[in-house]
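If you want the building blocks of each chain, they are given just below.
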Amino acid sequence: MISRKISIYFAFFLLLVSVQGKPIQTIGQGNDQSTIVAWNPTEDKLAIGYNNGNIRVLDIASGQFIQTLSTHTRRIEALAWSSDGSKLASGGFDQTVNIWDVSSGALLQSIQNLNGIVAQLLWYPEDQNLFILSARESSTITVWDTINHIGIQELVIGSYVSASFNHTNSQIALAGPSILLLDSNSLQEISYWQETEPPGSGFDMGALAWSNDGLIAVGSLNGSIRIINPNTNMILQTLQGSEIDYETSYLSQIRAITFSQDNTIIRSISGNGTIRSWNVDNGSMISTFDLPESVQGSQWNFSGNQVAYATGEINPAVVNVATPSQSIISLTLVNSDTDTDIRTLNSTDTVDIANNGISIRADTDPATVGSVIFSVDGEVIATDSDAPYTIAGENGADILPWNIALGTYEVIATPYSGADGTGDAGTPMTVQLEIIDSG
């Protein structure tokens, strides 16, 4: 499992991009093969691991490397900063975990002869204990007391490749052939979720993220993403983070996932350079763009609005990606009789007009845009230049009803930077609606 992260490039640079795809910084790396990146807690430094076992620490503001750490003998697969940013744990193919003092570059301790490649490292909140996930035919969890230099817990599990604490650090989710949920302190199993896709479908799970309200997102080798409620083991959304490439499947693989801090948006980056965002509630896509190069190790920042990754290109000029800075993040069905929200529309939905008048409001990011154009079955029917952006407009604070005949329609809302549909178009949202009258 752990060998799924296939690297084929030999000249790398590290790239930071905003969620709009605009490059912030590129850092040339010569001939070192960069494999993994990790943000520090204050998001002003990046640790970068390499195929030759070296680690460099980058100061983002200056673009300068401030530390080089070298004792590993093989590829780096895992990096983790302590919560105060003073220490860095590293591990990889040499089956060793090293703990470093970042400021001085001193090696504080070395944990050797682990049971396989080190796939994941996580610090417990108090920065004393370190969670180590190592993998061979099966995976082993080791909880290491970094103060007393001793392993205090060990658990042999199936072939799992990634792990993540929930927002309260009380539970750990592991991804592999299934989602395994453990109590953080006892390592006792809480729940187990098995993917129902048939063997060979490519839904081997890897990238993993928790939302702040307790949902789990997991990415696959085939580019699919599941959002799961771990309390019920129900799949809430299935998303496609990249197009499936059957010949080079590692390019389809989801490299990293994140939720926004308010739990409303989920974002992913895949091996082929596709970055996508969705509305968590209804699964509608907010934005998508393709970077001009493939992606190796990557990590979203804690705010979920920047991603750092290692890539095979050496010319930073090709990184400029023209993507909209405005988007429709949801379409809300409104009761026009009471001017109250009914619900967020799904990408395919049925609306009953038996009991009340209706309207549709476009919710935008940012909250105020130049204007929104609504089209139905390819024909523009309304342009609204003032928030709230509704399909039939408003009379003061009164939302006017959308008088639509029964039938099936494609509704598209598109934001623009200027009033009256002028300026640059942003990312639209489309819903397929069936209008019925059950009365």
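Refer to the preceding data block for the structure.
In this convention, every chain numbers its residues from 1, walking through the sequence in written order. The model is predicted, so local features are restricted to residues of pLDDT at least 70 and side-chain atom pairs to those at 80 or more, both for listing and for counting; the totals for chains, interfaces and linings are taken over all residues. Based on all heavy atoms of the structure, the side-chain values leave hydrogens and waters out of the count.

(A) Molecular detail of the packing of aromatic side chains. The aromatic pairing rule takes the rings of Phe, Tyr and Trp, using the six-membered ring of Trp, and pairs them if the centres are within 6.5 Å, calling planes under 30 degrees apart stacked, those over 60 edge-to-face and the rest tilted. Counting across every chain of the model gives two aromatic pairs. For the ring pair Tyr124 and Phe165, a centre distance of 5.1 Å and an interplane angle of 70° mean the geometry is edge-to-face. On the criterion of sequence distance, the pair formed by Tyr124 in the loop between strand 11 (117–123) and strand 12 (129–135) and Phe165 in strand 15 (residues 162–165) is long-range, its members being 41 residues apart. The exposure class assigned to Tyr124 is buried, which follows from its relative accessible area of 6%. Between buried and exposed lies partly exposed: a residue is buried under 20% and exposed over 50% of the maximum accessible area for its type, with that area taken using a 1.4 Å probe on protein chains only. For Phe165, a relative accessible area of 11% puts it in the buried group. Members of the aromatic cluster, each reached through a chain of ring pairs, are Tyr124, Phe131 and Phe165. Note on criteria: charge over ring means Lys NZ or Arg CZ within 6 Å of the ring centre, with the direction from the centre no more than 35 degrees off the ring normal. Lying across the ring of Phe65, Arg56 places its NZ or CZ 5.0 Å from the centre. The side chain of Lys87 reaches across the aromatic face of Trp123, ending 5.6 Å from its centre. Only DSSP runs of H or I with at least four residues qualify as helices, and only runs of E with at least two residues qualify as strands; both kinds are numbered from the N terminus onward.

(B) Focus on the environment of His149. Mapped onto the elements, His149 comes out in the loop between strand 13 (139–145) and strand 14 (150–157). Exposure remark for His149: the relative accessible area of 43% places this residue in the partly exposed category. His149 has contacts with Leu108, Gln109 and Trp144, leaving out every residue within four places of it along the chain. Throughout this description, a polar contact denotes any pair of N or O atoms lying within 3.5 Å of each other; where both atoms belong to protein, one of them has to be capable of donating a hydrogen while the other can accept it, and for residues adjacent in sequence the pair is counted only when both atoms sit in side chains. For His149, the side chain forms a polar contact with the main-chain oxygen of Thr146, separated by 3.5 Å. In this analysis, two residues are considered to be in contact whenever any of their non-hydrogen atoms come within 4.5 Å of each other.

(C) Representation of the sheet that holds strand 25 (residues 274–279). The pairing criterion is simple: DSSP has to find at least two bridges between the two strands. With antiparallel pairing, four strands are arranged side by side in an open sheet as 23-24-25-26. Looking at the sheet topology across the chains shown, the edges are occupied by strand 23 (254–259) and strand 26 (285–290). When strand polarity is set aside, the average angle formed by the axes of neighbouring strands in this sheet is 10°. Here an angle of 0 to 180 degrees is reported between the N-to-C directions of two axes, which are lines fitted to C-alpha atoms, with helices fitted over the stretch in contact.

(D) Structural context of the sheet that holds strand 14. Strands sit in the order 11-12-13-14 across an open sheet of four strands; the sheet is antiparallel. At either margin of the open sheet sits one strand with a lone partner, and together these are strand 11 and strand 14. Each adjacent strand pair in this sheet contributes to an overall mean axis angle of 20°, direction not counted. For strand 11 and strand 12, the ladder comprises six bridges, and the chain directions are antiparallel.

(E) Quick peek at the pattern of salt bridges. We define a salt bridge as a contact between a side-chain nitrogen of Lys or Arg and a carboxyl oxygen of Asp or Glu at a distance within 4 Å. Overall, the coordinates contain five salt bridges when judged by the stated rule. Ionic pairing is found between Asp44 and Lys45, a salt bridge with its closest N-O pair at 3.7 Å. On the accessibility criterion, Asp44 (32% relative accessible area) is partly exposed. By relative accessible area, Lys45 is classed as partly exposed at 21%. Of the charged contacts, one joins Glu77 and Arg75 as a salt bridge, the two residues approaching to 2.5 Å between their closest N and O atoms. Residues Glu77 and Arg75 agree in their burial class; the two are buried. Salt bridges linked by common partners bring Asp341, Arg361 and Asp363 together as one network.

(F) Up close: unusual backbone geometry. In this structure, the amide linkage connecting Asp365 to the following residue, Pro366, adopts the cis form with an omega of 5°. Mapped onto the secondary structure, Pro366 falls in the loop between strand 32 (358–365) and strand 33 (371–376). Between Ala387 and Pro388 the backbone carries a cis peptide bond, its omega angle lying at -5°. Relative to the elements of secondary structure, Pro388 occurs in the loop between strand 34 (379–384) and strand 35 (389–390). Positioned with a positive phi, Asp420 is a non-glycine residue whose angle comes to about 60°. Here Asp420 lies in the loop between strand 38 (407–416) and strand 39 (429–436). A relative accessible area of 60% means that Asp420 is categorised as exposed.

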